[in-house]
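Per-entry structural report
Each chain, written out:
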Amino acid sequence: MNLKDLYINFFVSKGHKQIPSAPVVPENDPSVLFNTAGMQPLIPYLMGEPHPYGTRLCDYQKCIRTNDLDSIGDTTHHTFFEMLGNWSLGDYFKQESIEWSFEFLTQVLNIPIERLGVTIFKGNDILPLDEESYNKWLSLGIKKERIAQTEKDNFWIAGEIGPCGTDTEIFYFRSEEEIPEVFDPEDERWVEIWNNVFMQYYKDDKGNISELPKKNVDTGMGVERTTAILEGVNDNYLSSIWKDVIELIEEISHLPYAGHEKSMRIIADHLRTAVFISADEAGIKPSNTDQGYILRRLIRRAIRHAKKLNIDISSDWEQLIAQKIIDKYQTYYKELATNAQVVLDGLAQEKLKFSKTLEKGLKEFEKVTKDNQDIDATMAFRLYDTYGFPIELTLELASERNLKVDEEGFKEKFKEHQELSRSASAGKFKGGLAGNSEIETKYHTATHLLNAALKEVVSKDVHQRGSNITAERMRFDFNCDHKLTPEELQKVEDLVNTWIKQALPVTKKEMNKSEAIATGAECMFIEKYPDVVTVYSIGDVSKELCGGPHVENTNVLGHFKITKEEASSAGVRRIKAVLQE
Ligand code: SER
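Residues numbered from 1 in each chain as written. Predicted model: local features only at pLDDT ≥ 70, side-chain atom pairs only at ≥ 80, totals over all residues. Heavy atoms only, no water.

Considering the side chain of serine 101
Within the secondary structure layout, serine 101 lies in helix H3 (residues 94–108). The contacts of serine 101, once residues within four sequence positions are left out, are Ile170, Trp194 and Asn196. (Helix = DSSP H or I, 4+ residues; strand = E, 2+ residues; numbered from the N terminus. Contact = heavy atoms within 4.5 Å.)

Focus: the site of the ligand
Surveying the vicinity of the ligand reveals the residues Ala37, Met39, Met83, Trp156, Asn195, Val197, Asp218, Thr219 and Gly220. Take aspartate 218: an N or O atom from its side chain is 2.7 Å from a nitrogen atom of the ligand. Here threonine 219 contributes a backbone N or O atom positioned 3.2 Å from an oxygen atom of the ligand. The fraction of the free accessible surface of the ligand (230 Å²) that becomes covered by protein chains is 93%. Judged by the fraction of its atoms near the pocket grid, the ligand is located in the largest pocket. Within the residue set of the shell around the ligand, elements represented by two or more residues are strand E8 (190–203) and strand E9 (209–222). Among the elements that make up the shell around the ligand, the one with the highest residue count is E9 (3 residues). Tallied by class, the residues present in the shell around the ligand amount to 5 nonpolar, 3 polar and 1 charged. (Near = heavy atom within 4 Å. Polar contact = N/O pair within 3.5 Å; in protein donor to acceptor, adjacent residues only side chain to side chain. Areas by Shrake-Rupley, 256 points an atom, 1.4 Å probe, with all protein chains shown as cover. 1 Å grid on protein atoms, 1.4 Å probe; cavity = no way out; pocket = protein on both sides within 12 Å on 5 of 7 lines; lining within 4 Å. Sits in = over half its atoms within 2 Å of the grid points. Nonpolar A, V, L, I, M, F, W, Y, C, P; charged D, E, K, R; others polar.)

A word on a negative patch on the surface
A cluster of like negative charges, contributed by Asp153, Asp184, Glu186 and Glu188, occupies part of the molecular surface. Turning to its location among the elements, glutamate 188 is positioned in the loop between strand E7 (162–173) and E8. (Patch = residues over 30% accessible without salt bridge, like charges linked within 9 Å, V, L, I, M, F, W, Y side chains within 5 Å. Salt bridge = Lys/Arg side-chain N within 4 Å of Asp/Glu carboxyl O. Lys, Arg positive; Asp, Glu negative; His and termini not counted. Charge placed at Lys NZ, Arg CZ, Asp CG, Glu CD.)

Some details on the environment of arginine 265
With respect to the helices and strands, arginine 265 occurs in helix H7 (residues 261–279). Here arginine 265 falls in the buried class, since its relative accessible area comes to 9%. When the C-alpha positions of arginine 265 and histidine 305 are compared, they lie 9.5 Å apart, and in sequence the two are 40 residues distant. With residues near it in sequence (within four places) discarded, arginine 265 still touches Gly73, Asp74, Thr75, Asp235, Tyr237, Ile246 and Tyr257. (Buried < 20%, exposed > 50% of the residue type's maximum accessible area, 1.4 Å probe, protein only.)

Structure follows, in structure tokens:
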């Protein structure tokens, strides 16, 4: 049985409910492009909202981190990875959390206790030493020399603001060398495998720490790293997670992994991430903004490295690799099976687009650097604009030849270009606001009305869980414990239409975040918004934090009609609706 199954079975046996992985593209969080940690989709519940599955949860969560793309190619970094997690939402706390982690590691994974070291919170001016965790580890047989205390590394928060707490981290001695008596977390032979965060605090934008309504536990364990450890390999790409993908790349390129590790790892990693991004229900396609741009960069970089391995780019190499990844993961992530064709076609199209200019662009690059000249802003922009080279690709090519690139100059030119084409403004507040055509703008305002109507008709505790707008329809997800009755749907529809007919003005106001909250404005993930926020009000029926844009008056919206009401996920319903002339 593999690690994911062992983990889920174990925590289910301890009374946890398995929750499905959330999409990699957060549906209603404007501040991040991708889900970066297992706890991210659970923030509202860590903050106190009841979770429909109860108080003990476990999952494997798809995560994407693209902040250090340059590290990809080494033995341990991945842009996509899976995080195992178990949570207590005001249920058990330190005792059980530590006990079960210990039991899972030593009894299920059979890791010898001698190979384990742990860190705990040392204490500082604000919070005391975590004595409870210390004593618990001792009672389980971890020697005191193997319990290190740190301050900074044992306080966990995602970013600057939000739910947080002290943590205890579990390390594994990975080396063949003799295990030192005393555990030193700075010694690289010890690698962190699990992080148990005791989330009992909330940190606000002024740095103040207050108690959350409940004491929670949030743990995270990386699948790739732990699998490599259990299989005794020092290169993650030699573990069962990657081995067959690497073998396929060897077969396609007719080259051995040894000596070509970097390019093969980049191809394997980037294509896996591209598969997961394009299979996500958000429907991301390669583009020049936001998630689409990351997707484009990943595919184009993979293509460039395939070329380095002399793979015939026009062959179906990327289809074979993507198909292998889909086959490996589809039993865990159904969307890979459902959207397999979309993924494969998307890759093929992006490849086609890029191969048309890649060859010429590389020639151009060779030409301008033949006397080892650095790349100026004009050239970097030409490589981007004419040959489709993401700036990161130019940087990578340049660094392979020890040349510099005027990146700042490039950014300026890029900005000028964006302003000229006025095309890049839409993506920022992605909560469903994919575009800002006239009809999409109308749908956006209608979304606020629907949110307000649901609160009035169904329950004041209804909140937005996701939103997606196209020129054809709007889609709105919200928490709700039941299927809406035909009467409820009718009332919601009527109420929205009444407000539309009342010709309510839509007004916009900038204010401080705290001020906005005090007015009772609706929003999700308040901690993710900047200090100054925009609040849109519609008459006095709706007030929401939002990036806009909106229509000026509801009277231009036409007739609002609900076309579908269905389940989206546990405890979350989905409404699709249209605006008719
Ligand atoms: N939130 C913690 C982490 O990401 C534990 O899940 O490490």
